[in-house]
Amino acid sequence: MNNAYLFDIDGTLLKIKNKANRKIIQSILNRLGIAENNVEELDFAGKTDRSIFSTLLDDPQESLFNEVKELYIGELDTRLAAGDIHVYEGVEDSLAYLAGRSAATGLLTGNFERAARIKLERIGLNSHFSFGAFGDRHHNRNDLPPEAHKQLQDQSGSDYQPEQLVIIGDTPRDIRCARAFGSVAVAVATGTFSRDELARHKPDVLLTSLEEFPDWDRAFTAGNGRG
Ligand SMILES: [Mg+2]
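Calculation rules
- Residues numbered from 1 in each chain as written.
- Predicted model: local features only at pLDDT ≥ 70, side-chain atom pairs only at ≥ 80, totals over all residues.
- Heavy atoms only, no water.
- Buried < 20%, exposed > 50% of the residue type's maximum accessible area, 1.4 Å probe, protein only.
- Helix = DSSP H or I, 4+ residues; strand = E, 2+ residues; numbered from the N terminus.
- Arc of directions from axis to C-beta.
- Contact = heavy atoms within 4.5 Å.
- Donors = N, O, S within 2.8 Å, 3.2 Å for Na, K, Ca; no water.
- Salt bridge = Lys/Arg side-chain N within 4 Å of Asp/Glu carboxyl O.

### Quick notes on helix α9 (residues 213-223)
Okay, step 1: For α9, the full list of buried residues reads F213, P214, W216, D217 and T221. The arc that holds every buried residue of α9, seen down its axis, measures 155°, which confines them to one face. For α9, exposure combined with an orientation more than 90 degrees from the buried face picks out D215, A219, A222 and G223.
Okay, step 2: Turning to α9, the residues buried within the fold contact β1 (4-7), α4 (91-100), β6 (165-169), β7 (184-188) and β8 (205-207).

Put into structure tokens, the structure is as follows:
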């Protein structure tokens, strides 16, 4: 059986230019009179949107959380343009390569599901990802791989083992969540962490960008007999 591939979004597939999404969040908080945080300065790396918004709203009631979530998603949909998004080198080739192999390809991201889909729709990549785990409910990224795994099993009808999941991301949290589930951790140094910083967290493989991904994967799948 083939491996299945789970991609993080921000820092891995794309970068939102000029912190456009953070400006949207800041403007919503300002409007609601919750303006003590400088959203552009906060560390979002590898965190789930549930965790980020819970911190920004200081452990809110569910009704306030949902109100702000809906405002954010609505404004993201209205305001985010394709020109606000930089797609990293090698992303489109890597996705075409996996599609050519008919490999199961999904998302493992801290984004709210609809935010993830909006970002990917803008750049025409949404249809590559048939399943995924998202940051709507979970505070801890380590809770996402089991959810993605279950969706994969349900959708494919195949019995994938955790070690057949390849989890690709740009932060130590991505590496840790792959490790916690017994999956393959692929780190890419396109986000805010350098190769040296990521290497300290001992991913199974460290790529400078996804340009290196198809060659790595060909060798990896040949090596473990899963090509
Ligand atoms: Mg990321």
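From this point on, the discussion continues.
### Overview of the coordination of the magnesium ion
Okay, step 1: In the first shell of the magnesium ion, the protein supplies D8 (OD), D10 (O) and D170 (OD), at 2.1 to 2.2 Å from the metal.
Okay, step 2: Sequence positions of the residues that donate to the magnesium ion give the spacing D-x1-D-x159-D.

### So, the pattern of salt bridges
Okay, step 1: Throughout the structure, instances matching the rule amount to 14 salt bridges.
Okay, step 2: For E147, the salt bridge goes to R137, with nearest N and O atoms at 2.8 Å. Within this pair, whereas E147 is found in helix α6 (residues 144-156), its partner R137 is found in the loop between β5 (132-133) and α6, the two being separated by 10 residues in sequence.
Okay, step 3: Residue classification places E147 among the partly exposed positions, given a relative accessible area of 23%.
Okay, step 4: One salt-bridge network, held together by shared partners, links D8, R141 and D174.

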